[in-house]
Amino acid sequence: MSSAMVDLSGSGAVGTGLGQGSGSNNNAKKTKKSRTRRGKRGRRRRNKRNTRSNKTPPPYFPPEVALKLVNPTQYRFEHLATQLKWRLQEGRGEAVYQIGVEDNGLLVGLTEADMRASLRTLKRMAEKVGADITLLRERELDYDSDRSTRKIAEVLVRKVPDDQQFLDLRVAVLGNVDSGKSTLLGVLTQGELDNGRGRARLNLFRHLHEIQTGRTSSISFEILGFNSKGEVVNYSDSRTAEEICESSSKMITFIDLAGHHKYLKTTVFGLTSYCPNFAMLMVSANTGIAGTTREHLGLAMALKVPIFIVVSKVDLCSGSTVERTVRQLERVLKQPGCNKVPMVVSNPDDAVTAAQQFTQSTCVTPIFTLSSVSGENLDLLKVFLNILPPLSNSKEQEELMQQLTEFQVDEIFSVPDVGTVVGGTLYSGTCREGDRLVVGPTDQGRFLRLKVGSIQRNRSACRVLRAGQAATLALGNFDRSLLRKGMVLVSPKMNPTICCQFEAAIILLFHAKTFRRGSQVTVHVDNVRQTATVECLQGKEELRTGEHAVVRFRFIKHPEYLRLGAKLLFREGVTKGIGHITQSEKTQHFSVHLPA
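Criteria and thresholds
- Residues numbered from 1 in each chain as written.
- Predicted model: local features only at pLDDT ≥ 70, side-chain atom pairs only at ≥ 80, totals over all residues.
- Heavy atoms only, no water.
- Phe/Tyr/Trp six-rings, centres within 6.5 Å; stacked < 30°, edge-to-face > 60°.
- Helix = DSSP H or I, 4+ residues; strand = E, 2+ residues; numbered from the N terminus.
- Buried < 20%, exposed > 50% of the residue type's maximum accessible area, 1.4 Å probe, protein only.
- Lys NZ or Arg CZ within 6 Å of the ring centre and 35° of its normal.
- Core = buried A, V, L, I, M, F, W, Y, C linked by side-chain atoms within 4.5 Å.
- Contact = heavy atoms within 4.5 Å.
- Salt bridge = Lys/Arg side-chain N within 4 Å of Asp/Glu carboxyl O.
- Pairing = 2+ DSSP bridges.
- Axes fitted to C-alpha atoms, helices over the stretch in contact; angles between N-to-C directions.
- Patch = residues over 30% accessible without salt bridge, like charges linked within 9 Å, V, L, I, M, F, W, Y side chains within 5 Å.
- Areas by Shrake-Rupley, 256 points an atom, 1.4 Å probe, with all protein chains shown as cover.

For the chain, the name recorded in an unreviewed UniProt entry is GTP binding protein 2b, with Takifugu rubripes as its organism.

The structure is reproduced here in structure tokens:
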């Protein structure tokens, strides 16, 4: 997120010229080569005395400088509005302005009257570019003088939704079974607290056995919106997902993953295939770190997904029990394998700071303690999600959109009166209704032609799908039996290639014995999930825990479409490893024409 650090009522930092020209001294230098060391030491001592005599200026500027632009001229106002428009574009619809802070980071501070005037100016700027402002926090500066009270403020500027181009962030929800993942999502998206017996989670379950056992076994998606003023938009005010999308400037899509070890492959598939921007690890306050908690934490870190932690069910425990769980988490996060900096969020100011530092540093890990029954500290999590900026800027997204279309197939449906529908994520390019693409590879290694029908994003109609967005595509009467998870829809211009063998640079995270030729593991690469056999280890006979190697794998069932550099995760029982694709052995493929 672009952060604008400006003082709307100031005229800029005061500069001091320190450099001096030296061109006229060239001849003098030639005649003074024989200076003694004593003379040089004397000059250094005099320079130090002169430096000490010049006291460091205070971290603010004189009032007469700071008051010049409380009421900016029309020319200055147009310049500031243009700057805001650019910052909103860079931040993909969001920007944080720090009023009373100079561009160089000096805390100037403004008087009460100047602050109100600056906020009015910022509001006029936002209205001009079609945005709203929200005051995040305001605090006073403490000066050791008789100066009047001065304040600085942080303001969130967010674009009003236009043509469904809201900012969409995906958050994977991890944690051990019975840690309260689905319950928390139900409370956030439905707008009603839980009754203590799991009522809030019933709308999230997709299968009867999930309702009967209370345990998630599949991947489900829930949405939480925020409008341009930072207010929550969920099903408490809207009847359909389409209404939520229309009213929201920012959308949080929660990917609810299974917590039971029995469904670990489903959880890994959700982390690798749906490309979450962030991960939320749920920990029950009364049980602490148990079951698959460490495993889920390790998976998120291995895939380099930024993670924040939510300690739930604090209403069931005493304060000392909650503190013990938090201390346990802090010890785990500080271990050499994690190297994280835990940050406990206890008030709105902490939530704002956590959201800003979370994406700036990969080490910071915010920790929330809340209850889905009493609602304690639930607002802090909403503040955090509201301010949470995207990881990529507009330039990176534009570069992906310039590439050829590549859509990863994660789900396949048959919808009455619509036909075959595929769900997934658009990795690169753009996709519109009527686009002609090829899908594959099939079990025979072929790509088939098809035509895209309607597009839905977050359960509402969408005209254009852009890189990084998740959606469902209607394929009409295309035969569903020809499709499977792990396929891709790509542009025919890409001339897609497939492989049965590939090489990857890996690190073996854990293995009970040794990892050698002939070992079979389940490989996860993006939306691909298939068993592969180790063909060879370059330069080594076997691999032990913690060792690196370049390994050649062979898929045992059918060829797959792989991208060079894609992250790889493999597992088999207690065996786990990570890496990235370095080379793929291309296999010839054929495209056939099918009626659209």
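Picking up where we left off.
Draft legend 1. A look at the packing of aromatic side chains. Within this structure, the stated rule accounts for 12 aromatic pairs. Between the aromatic rings of Phe308 and Phe358, the centroid separation amounts to 6.0 Å while the plane-to-plane angle is 90°, which identifies the pairing as edge-to-face. One end of the pair, Phe308, is in strand β10 (residues 307–312); the other, Phe358, is in helix α12 (residues 348–360), with 50 residues separating them in the sequence. Across this residue pair, the class does not change: Phe308 and Phe358 are buried. Each member of the aromatic cluster is reached from another via a ring pair, and the members are Phe278, Phe308, Phe358, Phe368 and Phe384. Directly above the ring of Phe77 sits Arg124, whose terminal nitrogen or CZ lies 4.2 Å from the centroid. Taking the ring centre of Tyr427 as reference, the NZ or CZ of Arg563 above it sits at 3.8 Å.

Draft legend 2. Molecular detail of the nonpolar core. Core analysis: the biggest nonpolar cluster contains 37 residues, and Phe254, Met280, Phe308, Leu381 and Phe384 have the highest contact counts within it. Sort the elements by how many residues they give to this core and helix α13 (residues 378–387) lands first, with six residues. Each residue touching Phe384, except ones within four places of it in the same chain, is listed here: Phe308, Ala351, Ala354, Ala355, Phe358, Pro366 and Phe368. In this structure, Leu299, Ala302, Val314 and Leu329 belong to the second largest nonpolar core, which totals 35 residues.

Draft legend 3. Quick peek at the pattern of salt bridges. The tally for this structure, following the rule as stated, stands at 19 salt bridges. Measuring nitrogen to oxygen at the nearest pair gives 2.4 Å for the salt bridge that ties Glu112 to Arg116. Note that Glu112 and Arg116 are positioned in helix α5 (residues 112–128) at a spacing of four residues, about one turn of the helix. A salt bridge links Asp168 to Arg457, with the nearest nitrogen and oxygen atoms 3.8 Å apart. In this pair, Asp168 is assigned in strand β5 (residues 167–175) and Arg457 in strand β18 (residues 455–457), connecting sequence segments 289 residues apart. Salt bridges sharing common partners tie together Glu112, Arg116, Glu138 and Lys151.

Draft legend 4. Focus on the sheet that holds strand β12 (residues 364–369). Strand order in the open sheet formed by eight strands is β7-β6-β8-β5-β9-β10-β12-β11, and the pairing between neighbours is mixed. Both outer strands of the open sheet, β7 (232–233) and β11 (341–344), are each paired with one neighbouring strand and no more. Sitting on the sheet, α13 touches β6 (220–226), β7, β8 (250–256), β9 (278–284), β10 and β12, and the angle it makes with β8 is about 115°.

Draft legend 5. Representation of a nonpolar patch on the surface. Residues Phe413, Val415 and Val418 make up a contiguous nonpolar surface patch of about 200 Å² in total accessible area. Tracing the chain through its elements places Val418 in the loop between β13 (406–415) and β14 (419–428). Among the residues examined, Val418 registers a relative accessible area of 37% and is labelled partly exposed.

Draft legend 6. Representation of the pairing of strand β17 (residues 446–451) within the structure. When strand β16 (residues 436–440) meets β17, the two strands line up antiparallel, connected through four bridges. Its bridge partner lying in β17, Leu437 is registered against Leu450. With antiparallel pairing between neighbouring strands as the criterion, β16 and β17 make up a hairpin whose turn holds five residues, including Gly445 at a positive phi of roughly 80°.

Draft legend 7. Representation of the environment of Asp350 within the structure. Take Asp350: it is sitting in helix α12. Look at Asp350 and you get buried, because its relative accessible area is 18%. Sequence-wise, Asp350 and Phe384 are 34 residues apart; in three dimensions their C-alpha atoms are separated by 9.0 Å. With sequence-adjacent residues up to four places away left out, Asp350 is seen in contact with Met343, Val344 and Val345.

Draft legend 8. Geometry of unusual backbone geometry. The amide bond that connects Gly440 to the next residue, Pro441, takes the cis arrangement and shows omega of 0°. Inspection of the secondary structure assignment puts Pro441 in the loop between β16 and β17. Phi is positive for Asn339, close to 55°, though the residue is something other than glycine. As for its position among the elements, Asn339 is in the loop between α11 (319–333) and β11.

Draft legend 9. Up close: the pairing of β14. The element β14 is extensively covered by neighbouring structure, given that eight of its 10 residues are classed as buried. Direction of pairing for β13 relative to β14: antiparallel, over a ladder of nine bridges. Note on β14: the bridge partner recorded for Phe407 is Leu426. Between β13 and β14, which pair antiparallel one after the other, the connecting turn spans three residues, and Asp417 there sits at a positive phi close to 65°. When β14 meets strand β21 (residues 470–474), the two strands line up antiparallel, connected through five bridges. Along β21, the bridge assignment pairs Gly424 with Ala471.

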